[in-house]
Amino acid sequence: MDYANRKRPPKRTPPKKQSKKAAKPSVSWWVVLLAVVLVAGFVWFLVTISGKSNQTDPAPVVTDVPEKQPQQEIKPIPDMPEERYQYPDVLENQEVIVDVPEREIGPPKLMQCGSFRNLSDAEQMRAMIAMIGLESLIRTTDGGNGVWHRVVLGPYETKRDAERDRHKLERGNIHGCQIWNWN
């Protein structure tokens, strides 16, 4: 059979129903009467509300008119009182010494962003880190379970410096970097 030159079959249409009466929506007389009563009631409600607000009642008669009181004299602002405390004079040339303990820096930190079996995967991670603007190294280790290529950044003096670079990497969609003490 030749499917390419085959014509589509004619579109089927449902048969039309023939009714004895023409299809007119029938509305009973009580629905029309109910609608007229509701509209008339709403109009009456609006008229009564507007009639109450527009009624012209005679203005109320005020019998007690208060007399105007004489204006009070405006007193001048008093002078500033003398300073009762002497600490502004005493502390003017003093120095406050605060004892701040030295912060323990601890061992240097190293950040590892990946560990791969293939050197090409480690090079790809290193290139992604370089595109962000950070310098990384690939350290190859041969352990009991094979050769691993680790992508590391650092060493960092403080953990805060390492965290700063980790946030840069996360903004560049490199997640999962871990900060370790460097041994």
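Here the structure is shown first, and the text comes after it.
Source: prediction; values computed, not measured.

Chemist: I'm lost on the pairing of strand S1 (residues 109-116) in this one. Help?
Modeler: On any regular strand, side chains alternate: one points to one face of the sheet, the next to the other face. With 6 of 8 residues buried, S1 is to be regarded as a mostly interior element. When S1 meets strand S3 (residues 146-156), the two strands line up antiparallel, connected through 6 bridges. By the bridge assignment, Phe116 is partnered in S3 with His149. Of the pairings in the sheet, the one linking S1 to strand S4 (residues 178-181) comprises 4 bridges and is antiparallel in character. Counterpart to Gln112 in the pairing with S4 is Gln178.

Chemist: Before we go on, may I ask you to explain helix H4 (residues 159-171) in this structure?
Modeler: What sets the pattern is the α-helix's 3.6 residues per turn: residues three or four places apart point alike. Helix length check: H4 (13 residues) gives 18 Å between terminal C-alpha atoms against 18 Å at 1.5 Å per residue, within 8%. Those residues of H4 that fall on the buried side of the exposure criterion are Ala162, Glu163, Asp165 and Leu169. One side of H4 holds all its buried residues, which, seen down the axis, span an arc of 165°. In H4, those exposed residues whose orientation departs by more than 90 degrees from the buried face are Arg160 and Arg171. Considering only its buried residues, H4 is in contact with S1, helix H3 (119-132), S3 and S4. Note on H4: the residue one or two positions beyond its end, Asn173, has a positive phi of about 65°.

Chemist: I tried to follow the nonpolar core on my own but got confused; where do I start?
Modeler: For soluble globular proteins, the rule of thumb is that nonpolar side chains tend to be buried together. Within the largest apolar cluster, 14 residues are counted, with the highest numbers of intra-cluster contacts made by Met111, Cys113, Ile129, Leu153, Leu169, Ile174 and Cys177. Looking at this core, the elements that each hand over two or more residues are S1, H3, S3 and H4. Residues within four places of Cys177 in sequence aside, it is in contact with Met111, Gln112, Cys113, Arg166 and Leu169.

Chemist: Help me understand H3 in this model?
Modeler: Between its first and last C-alpha atoms H3 spans 20 Å; for 14 residues at 1.5 Å apiece the expected length is 20 Å, and the two agree. Turning to H3, its buried residues number three or more, namely Ala122, Met125 and Ile129. For H3, the angular spread of buried residues about the axis comes to 60°, placing them on one side. Counted as exposed and oriented over 90 degrees from the buried face of H3: Ser120, Gln124 and Met131. Those residues of H3 hidden inside the fold are in contact with S1, strand S2 (137-143), S3 and H4. Downstream of H3 by one or two residues, Gly133 has phi in the positive range, about 110°.

Chemist: What am I meant to see in unusual backbone geometry here?
Modeler: Trans peptide bonds make up the majority, and among non-glycine residues the majority have a negative phi. Residue Pro155 is bonded to the preceding Gly154 through a cis peptide linkage, with omega at 10°. Looking at the element boundaries, Pro155 is found in strand S3. A positive phi is found at Asn173, a non-glycine position, where the angle reads about 65°. With respect to the helices and strands, the residue Asn173 is situated in the loop between H4 and S4.

Chemist: I tried to follow the sheet that holds S2 on my own but got confused; where do I start?
Modeler: Pairing between the strands of a sheet comes from backbone hydrogen bonds, and it takes one of two forms, parallel or antiparallel. Taken in spatial order, the 4 strands of this open sheet run S2-S3-S1-S4, and their pairing is antiparallel. Edge positions in the sheet fall to S2 and S4, since each has one partner strand and no second. Adjacent strand axes in the sheet meet at a mean angle of 40°, parallel and antiparallel pairs treated alike. One ladder, built from 7 bridges, connects S2 with S3; its direction is antiparallel. Looking at the pairing, Thr140 lines up with His149 of S3. Contacts between H3 and the sheet are confined to S1, S2 and S3, with S3 contributing the most and set at about 20° to the helix. Sitting on the sheet, H4 touches S1, S3 and S4, and the angle it makes with S1 is about 35°.

Definitions and cut-offs
Residues numbered from 1 in each chain as written. Predicted model: local features only at pLDDT ≥ 70, side-chain atom pairs only at ≥ 80, totals over all residues. Heavy atoms only, no water. Buried < 20%, exposed > 50% of the residue type's maximum accessible area, 1.4 Å probe, protein only. Helix = DSSP H or I, 4+ residues; strand = E, 2+ residues; numbered from the N terminus. Pairing = 2+ DSSP bridges. Expected span 1.5 Å × (residues − 1). Arc of directions from axis to C-beta. Contact = heavy atoms within 4.5 Å. Core = buried A, V, L, I, M, F, W, Y, C linked by side-chain atoms within 4.5 Å. Axes fitted to C-alpha atoms, helices over the stretch in contact; angles between N-to-C directions.

Coordinates in, geometry out; function isn't part of it.
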